[in-house]
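The chain contents come next:
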Amino acid sequence: MITVTSHFSEKVVGEVLIPGDKSISHRSLMIGASAIGETKVKGLLESDDVIATVHALRCLGVDIEKDEKNGVWIIAGRGVGGLSQSNKILDLGNSGTAARLLMGMVASHPFSTLFSGDSSLCSRPMDRVLNPLKRMGAQFGELNIGYLPITVFGTDLLKPITEVLKIPSAQVKSAILLAGLNTIGKTTIIEKQSTRDHTENMLKDFGAELVVEETEEGKAVMLTGQPELLANNVYVPADLSSAAFIIVAAIIIPGSSVLIRNVCLNDGRTGILETLREMGGKLEIQNIRESGGERVGDILASYSNLSGVTVPASRAPSMIDEYPILSIAAACASGKTIFEGVSELRVKESDRLATVSSGLNSCNIKVLETEDSLTINGVDVPEGGCKIPTNGDHRIAMAFLVLGMIAKKPITVDDVSMIETSFPKFLDIMENIGAKFSREKG
Ligand code: S3P
């Protein structure tokens with residue numbers, strides 16, 4: 001375990017390039033594997049979560065290599081329905097996206113696949129994906145009902161379904177779409193609350209017939225099964241969920257200003273920008289353009305005086321991974337910030353409502369936690385002087401390291417190893433723009 005202490009840092013300044021988007025990286029590998037020909041991916045996020053997807057797809061018979069000369073990843077696509085049985089357990093480590101999307105993919109193949117993961121992943125609910133896949137005709141072997149390890153008994157005779165999503169989850173939507181890819185007929189998903197649509201964008205880009213329509217029930221995403229997907233070049237933009245840590249650091253530390261280039265601005269992801277602006281955050285989005293079916297732009301974040309706001313439940317899907325870092329901004333804002341309708345945070349890499357609230361409490365910031373909400377009472381300058389248990393959660397570790405940069409006394413996080421799952425080089429990138437961190441072997 002490596003423990004890191006975050007010390008008062010005068011300001012953060014500079015221009016940064018940060019690693020590729022995690023959601024798009026997973027999908028580029030999976031959809032590339034389902035296409036005919038060689039898909040080339042530039043800017044793939046080389047984090048533990050994404051590498052878990054690389055290993056799993058290799059176990060399923062897909063050749064994936066990195067060209068070390070130019071950093072481009074090359075996927076030898078096997079066409080829709082072209083995976084072969086793995087003779088190894090697929091260990092997806094900490095990655096919920098990898099596990100859930102791949103379960104959807106293999107469900108439409110006539111073989112069995114055993115999925116597992118680390119202790120955090122094995123305690124996250126999988127029934128949200130298993131239930132619709134069961135309705136399509138897949139079967140599952142579960143020791144602990146609804147949790148990994150799970151064996152997927154797939155079939156190439158899945159039936160298309162119409163699924164009205166009960167939980168607004170891009171992972172569930174994508175798992176069903178990837179199962180529908182090798183299913184004759186039209187698979188339809190209806191979302192009452194929109195979620196990130198990277199899967200839809202990329203499937204269309206690879207040639208799938210996918211139609212999105214507003215209906216009385218919600219947004220309907222309709223995919224015609226068994227298309228011939230053609231290999232493509234994918235350019236992965238920077239991850240807004242990672243950029244958020246730098247953005248908040250720039251906004252809460254006086255005198256700061258940071259430009260982050262080439263960030264994915266998918267509509268289903270930008271809730272954090274909307275919320276920080278409502279709080280008074282100075283954010284400029286420059287050079288907005290379109291790349292590979294996604295909106296990208298450069299974000300300039302500068303020190304601002306923040307005020308507390310109420311973040312409505314309806315915004316949660318568009319910033320679901322950003323609540324830990326937003327809670328740090330809220331701790332530095334004047335007045336109260338309320339997060340409504342956030343019970344989903346209890347089933348992320350850790351119970352994020354509990355880890356955030358106990359972490360903030362130990363920094364002397366008053367927090368009120370209910371089953372599905374959090375109220376944070378901002379302070380002038382946070383106290384700090386404490387050690388935060390991250391519960392193996394990368395975003396908790398990064399969020400509290402940012403808080404330590406502005407606190408009166410240093411803040412230590414018990415383990416930073418999990419940061420590798422989403423944001424390799426986080427510590428170095430932050431230090432390059434002014435963060436003061438010290439590392440100790442725990
Ligand atoms: C993701 C969707 C979100 C998010 C996760 C990545 C994706 O999960 O929390 O980090 O890539 O589809 P849910 O869709 O389950 O909310």
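The preceding data block contains the structure.
Sequence order as written defines the numbering, with residues in each chain counted from 1. Where totals are concerned, whole chains, interfaces and linings use all residues; where local detail is concerned, this predicted model gives features only for residues with pLDDT of at least 70, and gives and counts side-chain atom pairs only at 80 or more. As a rule here, side-chain values come from all non-hydrogen atoms in the structure, and water together with hydrogens is ignored.

Draft legend 1. Representation of the nonpolar core in the model. Buried Ala, Val, Leu, Ile, Met, Phe, Trp, Tyr and Cys residues that are joined via side-chain atoms within 4.5 Å together make up what is termed a nonpolar core. Burial classification: accessible surface area is computed with a 1.4 Å probe over protein chains only, and a residue below 20% of its type maximum counts as buried, one above 50% as exposed, and the rest as partly exposed. Ranked by internal contacts, the top residues of the largest apolar core, which has 79 residues, are Ile247 and Phe426. With 11 residues, the top contributor of residues to this core is helix α7 (residues 240–252). In what follows, residue pairs with any heavy atoms lying within 4.5 Å of each other are defined as contacts. Those residues in contact with isoleucine 247, other than ones at most four positions away along the chain, are Leu240, Ile260, Leu273, Leu276, Leu283, Ile299 and Ala301. Formed by 65 residues, the second largest nonpolar core is a distinct cluster that contains Ala35, Leu102, Leu121 and Ile150. A run of H or I in DSSP becomes a helix once it reaches four residues, and a run of E becomes a strand once it reaches two; helices and strands are each numbered from the N terminus.

Draft legend 2. Here's a closer look at the environment of valine 152. By secondary structure assignment, the location of valine 152 is in strand β9 (residues 150–153). Assessed through its relative accessible area of 0%, valine 152 is described here as buried. Linking valine 152 and leucine 265, residues 113 residues apart in sequence, is a C-alpha distance of 34 Å.

Draft legend 3. Spotlight on the side chain of serine 373. Structurally, serine 373 is set in the loop between β20 (367–369) and β21 (374–377). A polar contact of 2.6 Å, which involves the side chain of serine 373, links it to the side chain of threonine 370. Setting aside chain neighbours within four positions, we find serine 373 in contact with Phe339, Glu340, Val342, Leu353 and Leu368. Here a polar contact is taken to be a pair of N or O atoms separated by no more than 3.5 Å, where protein atoms must pair a possible hydrogen donor with a possible acceptor and residues adjacent in sequence count only if both atoms sit in side chains.

Draft legend 4. Summary view of unusual backbone geometry. In this model, leucine 148 is joined to proline 149 through a cis peptide bond whose omega is 0 degrees. Of note, proline 149 is situated in the loop between β8 (139–142) and β9. Despite not being glycine, asparagine 262 shows a phi value in the positive range, around 65 degrees. Within the fold, asparagine 262 resides in strand β15 (residues 257–264). For asparagine 391, which is not glycine, the phi dihedral falls at a positive 50 degrees. Among the secondary structure elements, asparagine 391 is positioned in the loop between β22 (384–388) and α11 (394–404).

Draft legend 5. Highlighting the site of the ligand. Ser23, Arg27, Thr97, Ser169, Ala170, Gln171, Arg196, Ile320, Asp321 and Lys348 make up every residue found near the ligand. Between the ligand and arginine 27, the relevant distance is 2.6 Å, taken from an oxygen atom to a side-chain nitrogen or oxygen of the residue. Areas reported as accessible are Shrake-Rupley estimates using a 1.4 Å probe. Residue values count occlusion only from the protein chains shown. For the ligand, the accessible surface in isolation is 380 Å², of which the surrounding protein chains cover 96%. For the shell around the ligand, the secondary-structure elements that each account for two or more residues are α1 (22–33) and α5 (170–181). The residue classification treats Ala, Val, Leu, Ile, Met, Phe, Trp, Tyr, Cys and Pro as nonpolar and Asp, Glu, Lys and Arg as charged. All others, Gly included, are polar. Residues that form the shell around the ligand fall into these classes: 2 nonpolar, 4 polar and 4 charged. We call a residue near a molecule or strand whenever a single non-hydrogen atom of that residue lies within 4 Å of it.

Draft legend 6. Looking closely at the pattern of salt bridges. A side-chain nitrogen of Lys or Arg and a carboxyl oxygen of Asp or Glu constitute a salt bridge if their distance falls within 4 Å. A full pass over the atoms with the stated rule returns 31 salt bridges. Note that glutamate 349 is salt-bridged to arginine 124, the shortest N-O span being 3.9 Å. Of the two residues, glutamate 349 is situated in the loop between β19 (336–339) and α10 (352–362) and arginine 124 in the loop between β7 (112–116) and α4 (127–136); the sequence distance between them amounts to 225 residues. The same class applies to glutamate 349 and to arginine 124, which are both buried. Put simply, glutamate 274 and arginine 315 hold a salt bridge, and the shortest N to O gap is 3.5 Å.

Draft legend 7. Here's a closer look at helix α9 (residues 323–331). Taking burial as the measure, the 9 residues of α9 include 9 buried ones, the bulk of the element. Three or more residues of α9 are buried, namely Tyr323, Pro324, Ile325, Leu326, Ser327, Ile328, Ala329, Ala330 and Ala331.

Draft legend 8. Region of the structure containing the sheet that holds strand β3 (residues 36–42). The pairing criterion is simple: DSSP has to find at least two bridges between the two strands. Across the sheet, which stays open at both edges, the 4 strands sit in the order β4-β5-β3-β14 with mixed pairing between neighbours. Looking at which strands have only one partner, the edges of the open sheet turn out to be β4 (63–67) and β14 (233–235). The mean inter-strand angle of the sheet, taken between neighbouring strand axes irrespective of direction, is 20 degrees. Pairing of β3 with β14 involves 3 bridges; the strand directions are parallel. Its bridge partner being in β14, lysine 40 is matched across the sheet by asparagine 233. Think of each axis as a best-fit line through the C-alpha atoms, taken over the contacting stretch in the case of a helix, with angles from 0 to 180 degrees between the N-to-C directions.

Draft legend 9. Region of the structure containing the environment of lysine 219. By the element assignment, lysine 219 lies in strand β13 (residues 219–224). For lysine 219, a relative accessible area of 14% puts it in the buried group. For the pair lysine 219 and glutamine 193, spaced 26 residues apart in the sequence, the C-alpha separation amounts to 7.9 Å. The residues touching lysine 219, leaving out its near neighbours within four places in the chain, are Ile189, Ile190, Glu191, Ser194, Val212, Glu213 and Glu214.

Draft legend 10. Here's a closer look at the sheet that holds strand β11 (residues 186–191). Taken together, the 4 strands give an open sheet; going across it, the order is β10-β11-β13-β12, and neighbouring strands pair in mixed fashion. A single partner strand is all that each edge strand has here, and the edge strands are β10 (162–164) and β12 (210–214). The average undirected angle you get between the axes of adjacent strands in this sheet is 15 degrees. Pairing of β10 with β11 involves 3 bridges; the strand directions are parallel. Across the sheet, glutamate 163 pairs through a bridge with isoleucine 189, a residue of β11. Lying over the sheet, α5 contacts β10, β11, β12 and β13, oriented at roughly 170 degrees with respect to β11.

Draft legend 11. Expanded view of the pairing of β8. Of the two faces of β8, only one is covered, namely that formed by Phe140 and Glu142; the face formed by Gln139 and Gly141 stays uncovered. As defined by bridge partners, β8 adjoins β9 across 4 bridges and the pair is classed as antiparallel. If you follow phenylalanine 140 over to β9, its bridge partner there is valine 152.

Draft legend 12. Broad picture of helix α6 (residues 198–205). Burial of α6 is extensive: 6 of the 8 residues sit out of reach of the surface. For α6, every residue scored as buried is listed here: His198, Thr199, Glu200, Asn201, Met202 and Leu203. In the segment just after α6, glycine 207 is the residue with positive phi, at about 105 degrees.

Draft legend 13. Fine view of the side chain of glutamate 142. Tracing the sequence through the fold places glutamate 142 in strand β8. A distance of 2.7 Å separates a polar side-chain atom of glutamate 142 from the backbone nitrogen of glycine 146. Other than its neighbours up to four places away in sequence, glutamate 142 contacts Leu130, Lys134, Pro149 and Ile150.

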